[in-house]
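So you can see what is in the structure, the chains are spelled out below.
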Amino acid sequence: LIRTTVFSCANIIAKGRCNCIISTLPTRPALAMSSVSVPPPKCLQKTFVAPRRHMFGPGPSNVPPRILAAGAEPVIGHMHPEMLEIMSDIKSGIQYAFQTENNMTIAVSGTGHTAMECAIFNAVEPGEGVLTAVNGIWGERAAEMAERIGAKVNSIVTTAGGYFTSEEIDQALAKHKPVLFFLTHGESSTGVVHPLDGIGDICHKHNCLFLVDCVASMGGAPLYMDKQGIDILYSGSQKVLNAPPGTAPISFSERHFLMKVFNRKTKPVSFFLDMTWLANYWGCDGKPARIYHHTAPVSAFYALRESLAILAEQGLENSWQRHREVAEYLHEGVENMGLKLFVKDKNARLPTVTTIVAPPGYDWKEITSYIMKNHNLEISGGLGPSVGQVLRVGLMGGNSSKASVDMVLEALRDALRYCHKSKV
Ligand SMILES: Cc1ncc(COP(=O)(O)O)c(C=O)c1O
């Protein structure tokens with residue numbers, strides 16, 4: 001077997017005398033040259049282009065060009081001074097979005113679930129009590145996470161679409177005496193925004209930490225971490241912030257740190273989510289040296305920084321107001337079409353994710369697939385307790401506009417016409 005090998009000499013080329021030397025070398029059979037038994041996948045030889053879609057489901061939302069461009073900047077080291085500065089900007093942006101002065105404010109490298117686990121793992125030790133408020137899927141998830149670390153979990157449960165009164169919460173805390181109470185501010189599975197005023201005080205009266213999930217509500221509905229006495233608050237990047245999924249803002253109150261993190265009997269079960277380590281990496285623990293903990297998702301942090309910059313430029317209150325007005329415009333349009341909204345109490349309707357009662361006589365999956373296929377637009381069905389009961393429309397961040405509502409209504413109208421006809 002003969003192989004032809006071409007050597008080119010950079011020096012010769014540089015001097016303008018490009019004389020390639022062609023030599024013939026003996027070579028081994030192809031099989032012996034390769035130690036791999038799995039060949040390179042054919043599918044990876046095709047160029048990848050992501051579909052362009054209107055992302056009007058409960059998340060992720062569309063990422064605007066400015067945020068995409070920030071994420072495409074060259075990667076630098078996760079401990080480089082410029083990166084530490086970006087992290088410090090992110091921290092300030094989260095403090096603004098959460099309305100908190102908490103020093104222990106960071107972005108977890110991971111999705112909303114990672115932040116959920118970070119909150120629970122750091123706040124609770126095995127054998128301690130946790131109370132979760134279940135009015136959709138997220139209270140169930142929090143209960144499952146706490147159970148996995150050996151906590152004694154109790155839940156208060158209400159119907160999908162409902163929420164809890166302060167009295168109900170007070171009574172449950174008195175009965176179960178948990179160290180942590182979990183509540184979802186924006187229940188994206190049912191479309192409910194939970195009232196928060198006064199609940200922090202009730203928790204503290206019972207010597208209990210108040211943990212709130214604002215993954216689907218941050219930036220889209222009023223929220224004041226410090227004023228509302230929230231001890232731990234977390235969110236996600238892929239909803240109102242319009243950044244790609246994969247980073248999750250989280251903040252811990254001083255009360256939490258004094259009461260818990262620095263007074264633990266056991267280490268948190270997760271090294272990756274241990275706040276004593278993360279606080280050091282994010283420069284929140286006052287120590288002069290930052291120690292390597294993990295390689296942060298540098299590009300995702302660029303994108304998160306840009307998304308927080310956009311929120312800061314627009315102003316939080318303007319963003320809350322726009323989401324409310326656009327949601328009301330959607331509600332009106334939906335009702336004018338003869339459809340019903342799932343959340344009866346107007347004040348409890350989440351401005352970011354609207355739940356529409358699944359039109360009777362239709363298959364909701366047919367409606368969502370039709371709209372995806374013919375309008376290139378995502379709306380989704382229910383999740384957890386709302387499966388089969390609702391259609392969910394999420395208009396978040398840059399997607400929260402009356403033009404988007406018009407597109408959704410047009411797509412729904414068309415789907416109801418077509419899907420109905422197909423059933424007659
Ligand atoms: C209210 C709420 N909490 C938590 C999550 C989990 O976030 P992720 O999917 O980013 O892990 C979601 C995601 O949709 C959510 O809407």
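Now for a description of the structure that goes with this document. (Residues numbered from 1 in each chain as written. Predicted model: local features only at pLDDT ≥ 70, side-chain atom pairs only at ≥ 80, totals over all residues. Heavy atoms only, no water.)

## Some thoughts on the pairing of strand S4 (residues 104-109)
A regular strand places its side chains so that they alternate between the two faces of the sheet.
Then, in step 1: Counting buried residues in S4 gives six out of six residues, a clear majority hidden from the surface.
Then, in step 2: Alternating positions in S4 separate into two faces, Met104, Ile106 and Val108 on one and Thr105, Ala107 and Ser109 on the other, with burial throughout.
Then, in step 3: Where S4 and strand S12 (residues 247-252) come together, six bridges link them in antiparallel fashion. Across the sheet, Ser109 pairs through a bridge with Thr247, a residue of S12. (Buried < 20%, exposed > 50% of the residue type's maximum accessible area, 1.4 Å probe, protein only. Helix = DSSP H or I, 4+ residues; strand = E, 2+ residues; numbered from the N terminus. Pairing = 2+ DSSP bridges.)

## Re the nonpolar core
Then, in step 1: Counting residues in hydrophobic clusters, the biggest one holds 79 residues, and the most contacted among them are Ile120, Phe181 and Ile250.
Then, in step 2: Counting residues per element, this core draws most heavily on helix H4 (residues 81-98), at eight residues.
Then, in step 3: In this view, Phe181 contacts Leu131, Thr132, Ala133, Ile156, Ile169, Leu173, Ile199, Cys203, Cys208, Leu209, Phe210 and Leu211; residues no more than four positions away in its chain are not counted.
Then, in step 4: Judged by nonpolar contacts, the second largest core, of 24 residues, contains Leu395, Leu409, Ala411 and Ala415. (Core = buried A, V, L, I, M, F, W, Y, C linked by side-chain atoms within 4.5 Å. Contact = heavy atoms within 4.5 Å.)

## Topic: the sheet that holds strand S7 (residues 180-184)
Then, in step 1: Here seven strands make up an open sheet; going across it, the order is S4-S12-S11-S10-S7-S5-S6 and the pairing mixed. If you trace the sheet from one side to the other, it starts and ends with S4 and strand S6 (152-157), each paired once. Pairwise comparison of adjacent strand axes, ignoring direction, gives a mean angle of 20 degrees for this sheet.
Then, in step 2: On top of the sheet, helix H6 (residues 137-148) reaches strand S5 (129-134), S6, S7 and strand S10 (209-213); it is set at about 160 degrees to S5, its chief contact. (Axes fitted to C-alpha atoms, helices over the stretch in contact; angles between N-to-C directions.)

## Some remarks on the site of the ligand
Then, in step 1: Taken together, Thr111, Gly112, His113, Trp138, Gly186, Ser188, Asp213, Val215, Ala216, Gln238 and Lys239 make up all the residues around the ligand.
Then, in step 2: In the environment of the ligand, an oxygen atom lies 2.6 Å from a nitrogen or oxygen atom belonging to the side chain of Ser188.
Then, in step 3: Burial of the ligand by the surrounding chains reaches 87%, relative to a free accessible area of 390 Å².
Then, in step 4: Looking at side-chain class alone, the shell around the ligand contains three nonpolar, six polar and two charged residues. (Near = heavy atom within 4 Å. Polar contact = N/O pair within 3.5 Å; in protein donor to acceptor, adjacent residues only side chain to side chain. Areas by Shrake-Rupley, 256 points an atom, 1.4 Å probe, with all protein chains shown as cover. Nonpolar A, V, L, I, M, F, W, Y, C, P; charged D, E, K, R; others polar.)

## Looking at the packing of aromatic side chains
Then, in step 1: Under the definition given, this model contains five aromatic pairs.
Then, in step 2: Ring plane angle 10 degrees and centroid distance 6.1 Å describe the contact between Phe181 and Phe210, whose orientation is recorded as stacked. Remark: Phe210 occurs in strand S10 and Phe181 occurs in strand S7; sequence separation between them is 29 residues. Phe210 shares its class with Phe181; the two are buried.
Then, in step 3: In this structure, Lys402 is placed above the aromatic ring of Tyr329, and the distance from its NZ or CZ to the ring centre is 5.1 Å. (Phe/Tyr/Trp six-rings, centres within 6.5 Å; stacked < 30°, edge-to-face > 60°. Lys NZ or Arg CZ within 6 Å of the ring centre and 35° of its normal.)

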